[in-house]
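What follows is each chain in one-letter form.
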Amino acid sequence: MKAFDYKQSNSDHTLFIKHKEGKVTALIVYVDDMVLTGDGRCEMKLLQDYLAAKFEMKDLGQLKYFLGIEIARSERGIFLSQWKYILDLLTETGMLACKPAETLMETVIEIAQNPVQYDRTKHVEVDRHLIKEKLDQKVIQFPFVKSKYQLTDILTKAVSGKIFHDIVDKLGMIDIHTPT
């Protein structure tokens, strides 16, 4: 990839990006799957031909599912969903018949009280201590942001159903599985 003038991402070593003539082409590789995307159609074709000469590969057409993320396209845009991944995860853990919690906090409490689930989340504690240390050293600083502008609260905190739906609307998120 480097010989083809692609730069390897520092944050994800399986991601290769090329900027050429105002166009961007990206390739991500995971085990035996590759996703090639960008706005440089000629560059994408050149790379696809190059890789096909080096590896046995099959073009599966437009991306529909990758690493637990479902990709759906419509006139309104491209939508990403982890619905299938969540269903698979609930099935695997025997929780498919469970009722959804009104707030994330209820789920967090259940995980904390379940030793099997808690063991799977121990890495969070290590990260928390590292982040606290960096905050104390003033390496990381967070400016104050009023609650009504904290759109990520739905991902990190227990919020009421009303706040959850208000924030989802502000983020422009839609449920691709809701009948129209």
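The structure presented is a predicted model; accordingly, all values stated were derived computationally and were not measured.

Focus: the pattern of salt bridges
Then step 1. A complete count under the given rule lists 4 salt bridges for this structure.
Then step 2. The salt bridge partner of D49 is K45, with a shortest N-O separation of 2.9 Å. With D49 and K45 both in helix α1 (residues 41-54) and 4 residues apart, this pair spans about one turn of that helix.
Then step 3. Under the relative-accessibility criterion, D49 is labelled partly exposed at 39%.
Then step 4. In this structure, D88 engages K84 in a salt bridge whose closest nitrogen and oxygen atoms are separated by 2.8 Å. Of this pair, D88 and K84 both sit in helix α2 (residues 83-92), separated by 4 residues, roughly a single helical turn.
Then step 5. Among the residues examined, D88 registers a relative accessible area of 37% and is labelled partly exposed.

Structural notes on α1
Then step 1. An ideal rise of 1.5 Å per residue puts 20 Å on 14 residues; α1 measures up with 20 Å between its terminal C-alpha atoms.
Then step 2. Among the residues of α1, those classed as buried are E43, M44, L47 and L51. Looking straight down α1, one finds its buried side chains confined to an arc of 100°; they lie on one side. Exposed and facing more than 90 degrees away from the buried side of α1 are R41, C42 and A53.
Then step 3. In the core, the buried residues of α1 are packed alongside β2 (15-20), β3 (23-30) and β4 (33-38).

Some points on the side chain of K18
Then step 1. Relative to the helices and strands, K18 resides in strand β2.
Then step 2. A polar contact of 3.1 Å, which involves the side chain of K18, links it to the side chain of E43.

Cut-off values and rules
- Residues numbered from 1 in each chain as written.
- Predicted model: local features only at pLDDT ≥ 70, side-chain atom pairs only at ≥ 80, totals over all residues.
- Heavy atoms only, no water.
- Salt bridge = Lys/Arg side-chain N within 4 Å of Asp/Glu carboxyl O.
- Helix = DSSP H or I, 4+ residues; strand = E, 2+ residues; numbered from the N terminus.
- Buried < 20%, exposed > 50% of the residue type's maximum accessible area, 1.4 Å probe, protein only.
- Expected span 1.5 Å × (residues − 1).
- Arc of directions from axis to C-beta.
- Contact = heavy atoms within 4.5 Å.
- Polar contact = N/O pair within 3.5 Å; in protein donor to acceptor, adjacent residues only side chain to side chain.

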